[in-house]
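Summary of the model geometry
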Amino acid sequence: DSGVTQTPKHLITATGQRVTLRCSPRSGDLSVYWYQQSLDQGLQFLIQYYNGEERAKGNILERFSAQQFPDLHSELNLSSLELGDSALYFCASSTSGQSTSTDTQYFGPGTRLTVL
Amino acid sequence: AQTVTQSQPEMSVQEAETVTLSCTYDTSESNYYLFWYKQPPSRQMILVIRQEAYKQQNATENRFSVNFQKAAKSFSLKISDSQLGDTAMYFCAFMKHAGGAAGNKLTFGGGTRVLVKP
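**Some details on the layout of surface pockets**
Volume-wise, the largest pocket comes out at about 420 Å³. Along its surface, the largest pocket is lined by 19 residues, and Gln-37 and Leu-39 of chain A together with Gln-39, Arg-43 and Arg-113 of chain B are the ones closest to its centre. Listing elements by their share of the lining of the largest pocket, those giving two or more residues are strand S4 (31-38) of chain A together with strand S10 (88-96) and strand S12 (112-117) of chain B. Among the residues forming the lining of the largest pocket, the class breakdown is 9 nonpolar, 7 polar and 3 charged.

**What to know about the state of the cysteines**
All names here are of chain A. In total, this model carries 2 disulfides over all chains according to the counting rule given. Residue Cys-23 pairs covalently with Cys-91 via a disulfide, S to S 1.8 Å. Measuring handedness by torsion sign, the sulfur bridge of Cys-23 and Cys-91 sits at about -50 degrees and is left-handed. Taken as a pair, Cys-23 in strand S3 (residues 19-24) and Cys-91 in strand S9 (residues 87-94) lie far apart in primary sequence, 68 residues in all.

**Section: the nonpolar core**
One finds Tyr-25, Trp-36, Phe-75, Leu-77 and Tyr-90 of chain B to be the most contacted residues of the largest nonpolar core, which totals 25 residues. Among the secondary structure elements, those contributing two or more residues to this core are strand S3 (19-21), strand S5 (32-39), strand S6 (46-52), strand S8 (64-69), strand S9 (74-79), S10 and S12 of chain B. Examining the composition of this core, we find that 4 residues originate from one element, S10 of chain B, more than from any other. Not counting residues within four places of it along the chain, the set of residues in contact with Phe-75 of chain B comprises Cys-23, Tyr-25, Leu-34, Phe-35, Trp-36, Gln-51, Val-66, Asn-67, Phe-68 and Cys-92 of chain B. Core analysis: the next-biggest nonpolar cluster, separate from the first, contains 21 residues, Val-19, Phe-64, Leu-76 and Cys-91 of chain A among them.

Analysis parameters
Residues numbered from 1 in each chain as written. Chains lettered and ligands numbered in written order. Predicted model: local features only at pLDDT ≥ 70, side-chain atom pairs only at ≥ 80, totals over all residues. Heavy atoms only, no water. 1 Å grid on protein atoms, 1.4 Å probe; cavity = no way out; pocket = protein on both sides within 12 Å on 5 of 7 lines; lining within 4 Å. Points joined across faces, edges and corners; volume = space filled by probe spheres on them. Helix = DSSP H or I, 4+ residues; strand = E, 2+ residues; numbered from the N terminus. Nonpolar A, V, L, I, M, F, W, Y, C, P; charged D, E, K, R; others polar. Disulfide = S-S within 2.5 Å. Core = buried A, V, L, I, M, F, W, Y, C linked by side-chain atoms within 4.5 Å. Buried < 20%, exposed > 50% of the residue type's maximum accessible area, 1.4 Å probe, protein only. Contact = heavy atoms within 4.5 Å.

Below, the structure is given as structure tokens:
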């Protein structure tokens, strides 16, 4: 158990809908990261938040948005869902968000999103 | 942009034997960090080992060790005394040393599936 929690574990929805994925980081971690794992794109970085502020952005679609709240939990919002958005979405957290090897990213169990 | 390549889609090994997974990366950075993550059938991403590019010494964690060749941009993982629980997908990942507020995303390779046979 990494200490990072994600809800829900599974989500099945229809095209055009909007969903929210939730992540609680490990106790004491200030940075939260979102990654998408799909069969065709592999594991891709979406976005990073540090202590409530956006720090880095990757291949995140405009239909997707995220935020980190004062209690440090984070939510990833996916809207106007398409079939291609079906994937495993991981949240990870780290202590500081500084690029050192000691600032290890610990991953949550993921949310499996299926868009029908 | 950095890229990470894992050229072996799948490997199998007998229990108690040794297997080596390859990883190459492309970067113009001089200071960076490399990681191997394991993803068992449960889908959980678990850190196996990490290496700082400025360190000459290869990292070791119990039965897992790396062979880091900076000039060749190669970072292979050796699993010794393979166990059934090592059956998983293994991902090589790169993180550049950006410093400060620049963020520290991981860039992953495509993965190598390892099957440990009894």
